[in-house]
Amino acid sequence: MSALKVEKLSFKYEKKLVLKDVSFEIKHNSFFVLLGLNGAGKSTIFALLTRLLDLQEGSIVINGHDIKNYQKALNYIGIVFQEPTLDLDLTVKQNLNYYGSLKGLSFKQTLDSIKDEIVKIGLEDKLNTVTRELNGGHRRRVEILRSLIGSPKLLLLDEATVGLDVESRFDILEYIRNLVKEKGISVLWITHLFDEVESDDEIAIIKKGQITDTSTVKEIIKKYEQENLNDTFKYINKEQI
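Sequence order as written defines the numbering, with residues in each chain counted from 1. In keeping with the model being predicted, local features are shown solely for residues with a pLDDT of at least 70 and side-chain atom pairs are shown and tallied solely at 80 or more, while totals for entire chains, interfaces and linings include all residues. Only hydrogens and water are set aside; all other atoms, that is, all heavy atoms of the structure, feed into the side-chain values.

Asks: Before we go on, may I ask you to explain the overall build of the chain in this structure?
Replies: A count of helices and strands for the chain gives 9 helices and 10 strands. The globule rule puts the C-alpha radius of gyration for 241 residues at 18 Å, and the 18 Å found for the chain is close to it. Summarising its shape, the C-alpha atoms of the chain cover approximately 50 × 40 × 35 Å along the three principal directions. Throughout, a residue-residue contact means that at least one pair of heavy atoms, one from each residue, lies within 4.5 Å. Summarising the internal contacts of the chain: among those between residues at least 6 apart in sequence, 67% fall at separations of at least 24. Reported accessibility uses the Shrake-Rupley method at a 1.4 Å probe radius. Residues are deemed covered only where the shown protein chains occlude them. Within the structure as shown, the chain displays about 12200 Å² of accessible surface, and the carbon and sulfur contribution to it stands at 47%. Under the DSSP-based scheme used, a helix requires at least four consecutive residues in state H or I and a strand at least two consecutive residues in state E, with every element numbered from the N terminus. Every radius of gyration here is taken over C-alpha atoms, with the globule rule written as 2.2 Å times N^0.38, N being the number of residues.

If you want it as structure tokens, here you go:
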């Protein structure tokens, strides 16, 4: 059983086909990248995974649970949206506790489930800070911390580092990669930034709503006989760049 299995997803906005037969699978305890240009279909896939959009064709199974039974699937996932979703007028702790209550957890259970991560992500001295007073990097850390409430098995992150400075981007990326190593969490990392991808990562490249390749980065580079992922990505998308 995989952490996430997506099979033959197709989706139309009115009559415009934006996804066609999209399939990929994420193993347990793995970091998986969905890489594509803006407008390639990444956000539509994310919206389907998080039930912001209803399935039209295909299937999504999370930890053995069909996404049509979303309440069961929801127990296994943590979500970080591209757009900020924190209440800026609440403190960090209040934001966390509110989300925990939506998952049926008491305040104590909420904070207990993330107590180690509060320190690791560097927010132990920010819990009583009003969220509006935090910079963009710390707000994003709060959203990541919030996604870990209830000990999910799978994290879904849509362009989680967009708008952050380089240091913040890679601090967050390193933290997420360590979660995979230390906690056995599986991660779907959706991005258009190929410098966030490592050679051993499992990756799916999406172009115009279709998956062109699914493999490790180094195998895809070898397939296209390129020097690096940058050149490979440009080659695959050459008529769009």
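So, next bit.
Asks: I would appreciate a short explanation of helix 3 (residues 92–102) in the present structure.
Replies: Working note: α-helix, 3.6 residues per turn, so residues spaced by three or four point in the same direction. Within helix 3, the full set of buried residues consists of Val92, Asn95, Leu96, Asn97, Tyr99 and Gly100. Buried residues belonging to helix 3 abut helix 4 (107–113) and helix 6 (136–147). One or two steps after helix 3, the chain reaches Gly104, where phi turns positive at roughly 80 degrees. Only protein chains enter the accessibility calculation, which uses a 1.4 Å probe. A residue is then buried if its area is under 20% of the maximum for its type, exposed if over 50%, and partly exposed in between.

Asks: When you look at the side chain of Thr50 in this model, what are you seeing that I'm missing?
Replies: Along the chain, the position of Thr50 falls in the loop between helix 1 (42–49) and strand 4 (57–62). What Thr50 contacts, discounting residues up to four positions off in sequence, is Tyr70, Ile79, Phe81 and Leu156.

Asks: Which parts of the structure should I look at to understand the sheet that holds strand 1 (residues 4–13)?
Replies: Strand pairing in a sheet takes place through backbone hydrogen bonds and is either antiparallel or parallel in direction. Between any two strands, at least two bridges found by DSSP are needed for them to pair. Ordered in space as 2-1-4-5, the 4 strands form an open sheet in which the pairing is antiparallel. At either margin of the open sheet sits one strand with a lone partner, and together these are strand 2 (16–26) and strand 5 (65–66).

Asks: Looking at this structure, I do not really get the packing of aromatic side chains. What am I missing?
Replies: Aromatic rings in a pair are described by how distant their centres are and how their planes are angled relative to each other. For Phe, Tyr and Trp, where Trp contributes only its six-membered ring, two rings pair if their centres lie within 6.5 Å, and the inter-plane angle classes them as stacked under 30 degrees, edge-to-face over 60, or tilted in between. Counted under the stated rule, the structure contains 6 aromatic pairs. Seen in terms of ring centroids, Phe24 and Phe32 are 5.5 Å apart; in terms of plane orientation they differ by 15 degrees. Their pairing is stacked. The pair Phe24 / Phe32 is uniform in exposure class, with both members buried. The criterion is that NZ of a Lys, or CZ of an Arg, lies within 6 Å of the ring centre and within 35 degrees of the ring normal, and then a charge sits over that ring. When the ring centre of Tyr99 is taken as origin, the NZ or CZ atom of Arg146, which lies over that ring, is 5.7 Å away. Looking at Lys238, its charged tip hangs above the ring of Tyr235, at a distance of 4.4 Å from the centre.

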